[in-house]
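# Structural description and commentary
Letter by letter, the chains look like this.
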Amino acid sequence: MEQINFANLKRKRDIHIIFPVFLVSIIACIDRVNIAYATLTMSEDLPWLTAEVFGAGAGIFFLGYLIFEIPGSLIAARFSASKWIARIMFTWGIVCVLMAFIDTKTQFYVFRFLLGAAEASLYPVIYSILFPRWFKPEERSRATSLMLISMLVANIIGAPLAGVLLSTSVFGMHGWQELFILEAIPALVFAVVFFFWVKDKPEQVSWLTDAEKKYLTDAFNEDQARMHNIKKYTIAQALTDRKVLKLCFIYFMWIIGYWGFSFWMPTALKNLSGWSTSLLGGAIAIPMLAALVVQLIVSYTSTKTGDKVWHVSIAMFIGAIGLGLSPFVTDPSLALVLICLTAIGTYTCMGIWWTIPTTFLTGPAAAGAVGLINSCGNMGGWVGPYLMGFVKTETGTFDLGYFIMAFFLVVAGVTILSIKYGWNGKKNHQHAETAAIALEKNVK
């Protein structure tokens, strides 16, 4: 029997699976968040773009995501994950171009909604359908964490790039218009590349040996059988499972702070510092770089120790500290330090988090449940930006919004500890006859 070089197999999957998905995620994050930078100058050309309108428009993206998240995940599970991801990229690229030509508040809301609808189900399809085919359970934390570093890389690249584009006019258009158009081109081009590059299953590729294909296919089938022996979830059972609903609640609370911070942070820092858009873009890369370093560390320590719950929980508390102290700071340098803490808290454990559902769910049930969890988070993605915009409009400052988001992160951190310890502080017991055994065994 042909021997398998596991180091070589790991390298092949890094190149042919993680790397292209990493690029997809970078492009998606840049196109999703570029509105946070575009609004720094858009409001000068579009007087109707008030703080509350921006907050609602930034958040309505997630309404489109919410409506189409679960159906999209189920379609991908039934047909092709890789082809669905390529479709997602192409359609969001088109909508991103259209964003450059908005002229009314209604158009702003409609195109933001369509952008969310176009991108809906991207990450659940990656987490619950594509990666389980290519990576064993113990490998997914690393794969997911490496892929989600893209969110920070996107900010490290996107913030300075946006700062430059906003202050220039190459084609005789406003800087924010060129920002939308130029940042949409990679999505349109790479959608075609991804369509032909990435395959759904090991047996469909030519870059693996026959032994490697058999090894990965057998590992996937054995993992599915193991979880089915514990409990074979139907889609309906997965969507109503108590543990899934708890994960929905946690993610909702987390994402209120995550997106409230992400969409409003450039505006808040600019108001406090008075820095130019180009200087602001460079400054914002600093906390994202800090979060990137910490994410690499926690990915390693989580894999080494097997712990998931404490890593995510502590991150929530760190993010809450960063947000909760922000209203008391007036110095831009100190504000940047707190932004570093908030970025570390809200960004660094995403990779660990998304390995939790697939420890006890498989196939379409996993796709539907991950879609539901992500959809609930996306409701938080609407609440967070709108809340900050509403608070700014009503009070003239972001202070109350900071306190509320910090509170929600604390609630998320405490709730995720209950997965391991229960609400009474006592460690949950395992019961072999229930699916909880998988969660309590793997989610330490």
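Since we're looking at a predicted model, the values are computed, not measured.

### Side note on the overall build of the chain
- On a plain count of helices and strands, the chain comes out with 17 helices and 0 strands.
- Counting over 444 residues, the chain shows a buried share of 59%.
- Considering only contacts in the chain between residues 6 or more positions apart, those separated by 24 or more positions represent 82%.

### Here's the deal with the pattern of salt bridges
- Applying the stated criterion to the full structure yields 6 salt bridges.
- Across the salt bridge formed by Arg 142 and Asp 14, the nearest N and O atoms sit 2.9 Å from each other. Taken together, the positions of Arg 142 in helix H6 (residues 137-166) and Asp 14 in helix H1 (residues 6-45) put the pair 128 residues apart, joining distant regions of the chain.
- Between Asp 218 and Lys 214 there is a salt bridge, with the nearest N and O atoms lying 2.7 Å from each other. Taken together, the residues Asp 218 and Lys 214, both in helix H8 (residues 210-230) and 4 residues apart, mark about one turn of the helix.
- Since its relative accessible area comes to 28%, Asp 218 is described here as partly exposed.

### What about the packing of H6 against helix H11 (residues 277-305)?
- Interaxial distance between H6 and H11 falls to 7 Å at its minimum, and their mutual angle equals 175 degrees. With respect to each other, H6 and H11 are oriented roughly antiparallel.
- Tallied by class, the residues present in the contact of H6 with H11 amount to 14 nonpolar, 12 polar and 1 charged.

### Some points on unusual backbone geometry
- Phi at Ser 121 takes a positive value of approximately 80 degrees, unusual for a residue other than glycine.
- Assignment of secondary structure puts Ser 121 in the loop between helix H4 (105-119) and helix H5 (122-134).

### Concerning helix H7 (residues 175-197)
- Between its first and last C-alpha, H7 extends 34 Å over 23 residues, near the 33 Å set by a 1.5 Å rise per residue.
- At Phe 190, H7 is deflected by roughly 30 degrees, the largest bend along its length.

### So, the environment of Asn 5
- Locating Asn 5 in the fold gives a position in the segment before H1.
- A residue is classified by how much of its surface remains accessible, and Asn 5, at 47% relative accessible area, is partly exposed.
- Reaching out from Asn 5, the side chain makes a polar contact with the backbone nitrogen of Asn 8 at a distance of 3.0 Å.

### Details of the packing of H1 against H6
- Contact geometry of H1 with H6 gives a least axis separation of 6 Å together with a crossing angle of 35 degrees. Crossing of H1 against H6: the hand is right-handed.
- Residues that form the contact of H1 with H6 fall into these classes: 20 nonpolar, 5 polar and 5 charged.

### A look at the nonpolar core
- By size, the foremost hydrophobic cluster in this structure holds 144 residues, and its most contacted members are Trp 92, Leu 122, Tyr 123, Trp 254 and Trp 353.
- Considering each element in turn, this core owes the most residues, 18 residues, to H1.
- If we skip the residues at most four places from it in the chain, Tyr 123 touches Ser 25, Ala 28, Cys 29, Arg 32, Tyr 65, Met 147, Leu 148 and Met 151.

### Things to note about the confidence of the model for the chain
- Model confidence for the chain is summarised by a mean pLDDT of 84, while 89% of its residues fall at 70 or above.
- Helix H17 (residues 436-442) is the least confidently modelled element of the chain, averaging 39 in pLDDT, while helix H3 (residues 81-98) averages 95, the highest of any element.
- A low-confidence stretch, residues 429-444 stays under pLDDT 50, and its non-local contacts, those more than four residues away or across chains, total 40 contacts.

### Focus on the packing of aromatic side chains
- Scanning the entire structure with this criterion turns up 26 aromatic pairs.
- Aromatic side chains Phe 190 and Trp 197 sit 6.4 Å apart centroid to centroid with 80 degrees between the ring planes, which places their arrangement in the edge-to-face category.
- Using a relative accessible area of 11% as the deciding quantity, one classes Phe 190 as buried.
- Between Phe 407 and Phe 408, the aromatic rings sit 5.9 Å apart at their centres with planes inclined by 50 degrees, giving tilted as the arrangement.
- Owing to a relative accessible area of 52%, Phe 407 belongs among the exposed residues under this scheme.
- When its relative accessible area of 17% is taken as the criterion, Phe 408 is described as buried.
- Here the aromatic residues Phe 61, Phe 62, Tyr 65, Tyr 258, Trp 259 and Tyr 347 are joined through ring pairs into a cluster of three or more.

### Regarding H6
- When the terminal C-alpha atoms of H6 are compared, their 43 Å separation across 30 residues agrees well with the 44 Å that a helix rising 1.5 Å per residue should span.
- The largest bend in H6 amounts to roughly 30 degrees and is located at Leu 152.

### Digging into a nonpolar patch on the surface
- Taken together, the side chains of Val 170, Phe 171, Leu 182, Ile 185, Val 189 and Val 193 define a hydrophobic patch exposed on the protein surface, amounting to about 540 Å² of accessible area.
- For Leu 182, a relative accessible area of 31% gives the class partly exposed.

### Describing the environment of Ala 412
- Take Ala 412: it is sitting in helix H16 (residues 399-421).
- Measuring from C-alpha to C-alpha, the distance between Ala 412 and Phe 249 comes to 7.8 Å, with 163 residues separating the pair along the chain.
- For Ala 412, the residues in contact, after removing those within four places along its chain, are Ile 250, Met 253, Trp 254 and Met 316.

Scoring rules and cut-offs
Residues numbered from 1 in each chain as written. Predicted model: local features only at pLDDT ≥ 70, side-chain atom pairs only at ≥ 80, totals over all residues. Heavy atoms only, no water. Helix = DSSP H or I, 4+ residues; strand = E, 2+ residues; numbered from the N terminus. Buried < 20%, exposed > 50% of the residue type's maximum accessible area, 1.4 Å probe, protein only. Contact = heavy atoms within 4.5 Å. Salt bridge = Lys/Arg side-chain N within 4 Å of Asp/Glu carboxyl O. Axes fitted to C-alpha atoms, helices over the stretch in contact; angles between N-to-C directions. Parallel < 35°, antiparallel > 145°, perpendicular 65-115°, else oblique. Nonpolar A, V, L, I, M, F, W, Y, C, P; charged D, E, K, R; others polar. Expected span 1.5 Å × (residues − 1). Bend = angle between axes of the 7 residues up to and from the residue. Polar contact = N/O pair within 3.5 Å; in protein donor to acceptor, adjacent residues only side chain to side chain. Left-handed = near helix turned anticlockwise from the far one by under 90°. Core = buried A, V, L, I, M, F, W, Y, C linked by side-chain atoms within 4.5 Å. pLDDT = per-residue confidence, 0-100. Phe/Tyr/Trp six-rings, centres within 6.5 Å; stacked < 30°, edge-to-face > 60°. Patch = residues over 30% accessible without salt bridge, like charges linked within 9 Å, V, L, I, M, F, W, Y side chains within 5 Å. Areas by Shrake-Rupley, 256 points an atom, 1.4 Å probe, with all protein chains shown as cover.

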